[in-house]
Amino acid sequence: MKNSNNAPRSNFLSNISKTTRSNFITYGIIIVVYVIMQILVNAGAVSNLIRGQLIPICVFATMAVSLNLCVGILGELSLGHAGFMSVGAFTGAVAIACMESAIPSPILRLILGMLIGAVFAAIAGVIIGIPVLKLNGDYLAIVTLAFGEIIRSIFTNVYVGLDSAGLHFSILNRIKAAEDGKMIINGAIGLTGIKPIATFFMAALLLLVTLIIVFNLINSKTGRAVMALRDNQIAAQSIGISIPKFKLMAFVISAAIAGAAGTMFAENYSTMLATKFDFNTSILILVFVVLGGLGNIRGSIIAAAVLTLLPELLRSVKDYRMLAYAIILIVVMIFKNSPSIQAKMALMRSKKTARKKTKKASIGKEA
Amino acid sequence: MSEVKMVPYPSRSIVPERDVNERPVLEAMHLGVNFGGLHAVEEFNITVGKTEIAGLIGPNGAGKTTVFNLLTKVYQPTTGTILLDGKDTSNMNSVAVNKAGIARTFQNIRLFNNLTVEDNVKLGLHNSIKYTTLEGILRMPRYWKGEKESHERAMDLLKIFDMQDMAKLKASSLPYGAQRRLEIVRALATNPKLLLLDEPAAGMNPSETAELMNTIRQIRDDFGIAIMLIEHDMNLVMGVCEGIAVLNYGRIIAKGTPSEIQNNQEVIEAYLGKQKEA
Amino acid sequence: MKFLSNLINGISLGSVYAIIALGYTMVYGIARMLNFAHGDVIMVGAYICFFAIYSFNLNPVIGILMAVVVCTVLGVVIEKLAYKPLRQATSLAVLITAIGVSYFLQNMAQLLWSANPKVFPTIINGSIKLFGGELSISRTTIVIVLVCALIVVGLSIFVNHTKMGKAMRACSEDKEAAQLMGINVNKTISMTFAIGSALAAIAGVLMCCAYPNLQPTTGSMPGIKAFTAAVFGGIGSIPGAFIGGILLGVLEILGSAYISTELKDAIVFLALIIVLLVKPTGILGKKIHEKV
């Protein structure tokens, strides 16, 4: 029966439906949670505190999924993910401000803004990707960190003004828009004068689209190639899989998603500081990914939601939040890489016999 | 098994008689590499016939794996030329060499440990699956077609070693011997002209080795490809290889048929020691 | 004259980076891990010294010694608790853990000592005037440069001419082979962390002498920059860390003087990216081959 001609075909179907089922469960969770929250919000059963967190949760969940693509699937640590987010936030917000009179529909503006944010973040991803391609492991992580810091330094010194004469742009030199215009990016003050157009629906949709893209990518030949790089680069090359190509691809897709999430995030507030996207934010997203499980997309989302909401609900815990994150990183990492812990356990169990043996051996040596 | 008749080939080598009118799959000429002044391999010349099973033997540290690493461009050779099916591979990297037709296994197994057995094989098929990343993300018809075909092809390939039942297991969970076999399947999936096997029988018991010997011949016959293997198990080498090259201190000290090698005084002394053949 | 003054400031800052970079480079060379928390050990050292002088009115020298002792113990404890269980794990896992440790130290410091910046007391007073008072070099600067030179020379002698140093070099080449030769690898790694952390304490105090603003995040940026310096010079190399540190310090000061103060961090990091692009192994680094 095993060797019958039908066997592979049915295996194929069961295989596809198994991963697809798991993915669709995740999509379902997102949709159901969205609908429930929306109903509760409409019924006025949700506190302002939680309502204010709905969009950030979706944004950070999207960020976590995008970082998981880089860390969990590609296996390279990015410490500058907030940098891509800020590229998306600033470029997307400027684009949306420019389109304000041309495109009346806020939803359309938001979508276009996110696309523009994603494109610019992807360009940043390519630029940073070039040195990244030559590097591995710790070096790569440090370069992404350096990149995040560079982006932050640049955006704290950028001035963009919009008036009847058009868009004015400057780095380092403080400029002012004409009387009839306004500053969109005002140096250290950051993005100003945003009319928030982000909605919970759009944020949930962004998360859903991100999930579909990432899941479909992982379950395609491209995703397999990316995971092959994570597992063994030399073997991947030996079967004709190009390291630069797939590393760059995963990196850029991850950056583009972060850019779109950045635009959404910026459009949720009336002002946005460049320092909001610093190293701490990159680490925060990393904590979501690590707690949710490297490579576990659904886990990232849940971790992002819980860790965004929890400190808001438990104000008293807030002081200890960062400390708790640090402990989460350490404990989860040591536990997840349990081979050494298990080996330790095994060692303890066999210690009795080992001790006897070493005793014998040392006696032998002395003799 | 009766020995295959080996005949001289123009470039100072021998190939099986059946391959003599075909272009050899591999011609390595004056191949050499040095690491910081140490000549790990020098003056390595070999010709492998289109459907030959060739052996590369020699004591530990003789440079056998280094030869494989040179052929697959894990290391760039410092001297010499490699012609793969007549094509110069000087400007190729590992990826290009594989696309041009060399696939290999590794002495210390290198599987994609966190992926399933099937996915490992599908990765070998990667370059023959015809759909783009975008088509994959958008789940276009070509995606479904490509995935279906690659699944079927992967299952066919796994059948070589009767491993279809293991398709859904994680590669790292396989026993050692199965991991070695999976590496061979993955290499075969890239549709090579030349398959390099680095100690395929390591860690196998005599009956498994005997089975492997049959499989190696079977693969050669079914796929019509050449195979070059490094192996310490002399039963396997003498049983399956048609031409053998012996490497010592990075240089070839003898080339010939199994019986020639077995009776070569220099090989016996340098490699097998002064002990009498058992 | 302005340029000379900037250059001297750069060398002074660079010397601090160099001392921190030595800790990075030694740990990286031997444990093959990026000890991200190294910068925060600097901060702990500076706090210990601060409280010794400020709260307990102790002699600055005793303060420095206390900082060295506390940081040495801290370094060894961190290695034992957080890094040792991960000796066989992927570099990704180790790096994330190290970031966790770094965060832990920062936030612990914030809880213990509050986020309010503390003004580090002046330990070394006065300055030397040259060229008829046109160029003034503070004694702090001179002490920093001298201490750095002393540490580099001392460490080079230690690594190249002592038994422990030989063990360290052996472990950095091949831990398993070293173990087979009877070298206690765990002890050697602990020793490396101890030395690196002791240096971090000294660097922390020196840095706060020059830039007397102390808060829980004081160590993180210099830590990252010092890692940059270590990469600059070639990771694993002691003279490399020295050269890289000095170069980076000079680059940072000159960059902020002549290009832009706001973008000085960006300039430093851009330099890092360029170095890694052009010569990933750094100025004095060796290339490491993966065995296939």
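Residues numbered from 1 in each chain as written. Chains lettered and ligands numbered in written order. Predicted model: local features only at pLDDT ≥ 70, side-chain atom pairs only at ≥ 80, totals over all residues.

**Considering the overall build of chain C**
If you tally the helices and strands in chain C, you get 11 helices and 4 strands. Compactness check: chain C gives a C-alpha radius of gyration of 19 Å against a globular reference of 19 Å for 292 residues, within 12% of the reference. Once the C-alpha set of chain C is aligned to its principal axes, its extents read approximately 60 × 45 × 35 Å. When burial is assessed residue by residue, chain C has 53% of its 292 residues classed as buried. Considering only intrachain contacts with a sequence separation of at least 6, the fraction spanning at least 24 residues in chain C is 75%. (Helix = DSSP H or I, 4+ residues; strand = E, 2+ residues; numbered from the N terminus. Rg over C-alpha atoms; globule rule 2.2 N^0.38 Å. Buried ≥ 20, exposed ≤ 12 C-beta atoms within 10 Å, placed from the backbone. Contact = placed C-beta atoms within 7 Å.)

**So, the overall build of chain A**
Within chain A, the regular secondary structure consists of 13 helices and 3 strands. Expressed as a percentage of its 367 residues, the buried residues of chain A come to 48%. Residue pairs at least 24 apart in sequence account for 76% of intrachain contacts in chain A once pairs closer than 6 positions are excluded.

**So, the interface of chain C and chain A**
Facing 37 residues of chain C, the contacting portion of chain A comprises 37 residues. Those elements that provide at least two residues to the side of chain C that touches chain A are α4 (91-113), α9 (220-233) and α11 (264-278) of chain C. Here the element with the most residues in the side of chain C that touches chain A is α4 of chain C; it accounts for 14 residues. Here the residues of the side of chain C that touches chain A sort into 27 nonpolar, 6 polar and 4 charged. (Nonpolar A, V, L, I, M, F, W, Y, C, P; charged D, E, K, R; others polar.)

**What about the interface of chain A and chain B?**
Contacts between the two partners involve 23 residues from chain A, matched on the other side by 34 residues from chain B. For the side of chain A that touches chain B, the secondary structure elements donating two or more residues are α1 (6-42), α6 (200-218), α7 (221-231) and α8 (233-238) of chain A. If you tally residues by element for the side of chain A that touches chain B, the top one is α7 of chain A, at 7 residues. Counted by class, the side of chain A that touches chain B contains 12 nonpolar, 8 polar and 3 charged residues.

**Considerations on the environment of K5 of chain B**
Residue and element names in this part refer to chain B. Tracing the sequence through the fold places K5 in the segment before β1 (6-9). Residue classification places K5 among the exposed positions, given that 12 C-beta atoms sit within 10 Å. When the C-alpha atoms of K5 and G86 are compared, they prove to be 23 Å apart, with 81 residues separating the residues in sequence.

**Here's the deal with the sheet that holds strand β3 (residues 26-35) of chain B**
Residue and element names in this part refer to chain B. Here we have 4 strands laid out as an open sheet, ordered β4-β3-β6-β7, and antiparallel in their pairing. Either end of the sheet is taken by a strand with one partner, and the two such strands are β4 (38-48) and β7 (87-88). Relative to β7, strand β6 (residues 79-84) runs antiparallel, the two being bridged by 2 bridges. When the bridges of β7 are listed, L83 appears paired with D88. Each of β3, β4 and β6 is contacted by helix α1 (residues 64-71), which is oriented at about 70 degrees to β4, the strand it contacts most. (Pairing = 2+ DSSP bridges. Axes fitted to C-alpha atoms, helices over the stretch in contact; angles between N-to-C directions.)

**Some points on the packing of helix α6 (residues 163-173) of chain C against helix α8 (residues 185-210) of chain C**
All names here are of chain C. Running from N to C, α6 and α8 cross one another at 105 degrees; their axes reach a closest spacing of 10 Å. When the axis of α6 is compared with that of α8, the two are roughly perpendicular. Here M164, A167, M168 and C171 of α6 come into contact with α8, specifically with V185, T188, I189, M191 and T192. (Parallel < 35°, antiparallel > 145°, perpendicular 65-115°, else oblique.)

**A short note on the nonpolar core**
A64 and L329 of chain A together with A18 of chain C are the most contacted members of the largest nonpolar core, which totals 301 residues. Considering each element in turn, this core owes the most residues, 16 residues, to helix α1 (residues 2-31) of chain C. Composition of this core by domain shows at least three residues from each of domain 1 (1-101 + 192-278) and domain 2 (112-189) of chain B. When neighbours within four sequence positions are excluded, A18 of chain C is seen to be in contact with C148, V152, A229, A241, F242, G245 and I246 of chain C. (Core = buried A, V, L, I, M, F, W, Y, C linked by C-beta atoms within 7 Å. Domains from an automatic or database assignment.)

**Quick word on the sheet that holds strand β8 (residues 102-104) of chain B**
All names here are of chain B. If you trace the 6 strands from one edge of the open sheet to the other, you get β8-β9-β10-β5-β11-β12, paired in mixed fashion. Edge strands, defined here as strands with exactly one partner in the open sheet, are β8 and β12 (251-256). Each strand of the sheet is rotated relative to its neighbour by a mean of 20 degrees, with strand direction disregarded. Both strand β5 (residues 53-57) and strand β11 (residues 243-248) contribute to a ladder of 4 bridges, which runs parallel. Bridging across to β11, A54 finds its partner in G243.

**Considerations on α6 of chain C**
Residues and elements named next belong to chain C. Here α6 has its buried residues at A167, M168 and C171. Taken end-on, α6 shows its buried residues confined to a sector of 100 degrees, consistent with a single buried face. Looking at the packing, one finds that the buried side of α6 touches α1, α5 (139-161), α7 (175-180) and α8. (Arc of directions from axis to C-beta.)

**Focus on the pairing of strand β1 (residues 158-163) of chain A**
All names here are of chain A. Note that β1 and strand β2 (residues 166-171) share 6 bridges and pair antiparallel. Pairing of Y159 across the sheet is with S170, part of β2. Where β1 folds back onto β2 in an antiparallel hairpin, the turn is made up of 2 residues. Relative to strand β3 (residues 182-186), β1 is paired through 4 bridges, and the arrangement is antiparallel. The residue bridging V160 from the neighbouring strand is I185, located in β3.

**So, the confidence of the model for chain A**
Residue and element names in this part refer to chain A. Residues of chain A with pLDDT of at least 70 account for 87%, and the chain-wide mean is 85. Mean pLDDT across the elements of chain A ranges from a minimum in helix α13 (residues 339-366), with 59, to a maximum in α6, with 96. Taken together, the stretch residues 1-10 has pLDDT below 50 and engages in 4 contacts with residues farther than four places along the chain or on a different chain. (pLDDT = per-residue confidence, 0-100.)

**Here we look at the environment of C148 of chain C**
Residues and elements named next belong to chain C. Examined against the element boundaries, C148 turns out to sit in helix α5. Residue class for C148 comes out buried when judged on the 26 C-beta atoms lying within 10 Å of it. Sequence separation between C148 and G234 is 86 residues; the distance between their C-alpha atoms is 18 Å. Every residue in contact with C148, bar those within four places of it in the chain, is listed here: S15, A18 and I19.

**Re the pairing of strand β9 (residues 194-198) of chain B**
Residue and element names in this part refer to chain B. Counting buried residues in β9 gives 5 out of 5 residues, a clear majority hidden from the surface. Of the two faces of β9, the one lined by L194, L196 and D198 and the one lined by L195 and L197 are each fully buried. Across 5 bridges, the pairing between β9 and strand β10 (residues 226-230) is parallel. Bridging from a neighbouring strand, L197 pairs with L229 of β10.

**Things to note about unusual backbone geometry**
At D162 of chain B, a residue that is not glycine, the phi angle is positive and equals roughly 60 degrees. Positive phi is not limited to glycine here, since N57 of chain C has a value of about 50 degrees. Along the polypeptide, N57 of chain C turns up in the loop between α2 (38-54) and α3 (60-83).

**As for the environment of Q107 of chain B**
Residues and elements named next belong to chain B. Turning to its location among the elements, Q107 is positioned in the loop between β8 and α3 (117-124). Residue classification places Q107 among the partly exposed positions, given that 16 C-beta atoms sit within 10 Å. Remark: the alpha-carbon pair of Q107 and I230, spanning 123 residues in sequence, is separated by 9.1 Å. Here Q107 is in contact with T65, D198 and E199, once residues within four sequence places are set aside.

**Some thoughts on the confidence of the model for chain C**
As a general rule, the predicted coordinates of low-pLDDT regions are not to be interpreted in detail. All names here are of chain C. Confidence along chain C averages 88 in pLDDT terms, with 98% of residues attaining 70 or more. Per-residue pLDDT, averaged within each element of chain C, yields its smallest value for strand β2 (residues 127-130) (77) and its largest for α3 (93). Our summary of model confidence lists the complex with pTM equal to 0.86 and ipTM equal to 0.89.

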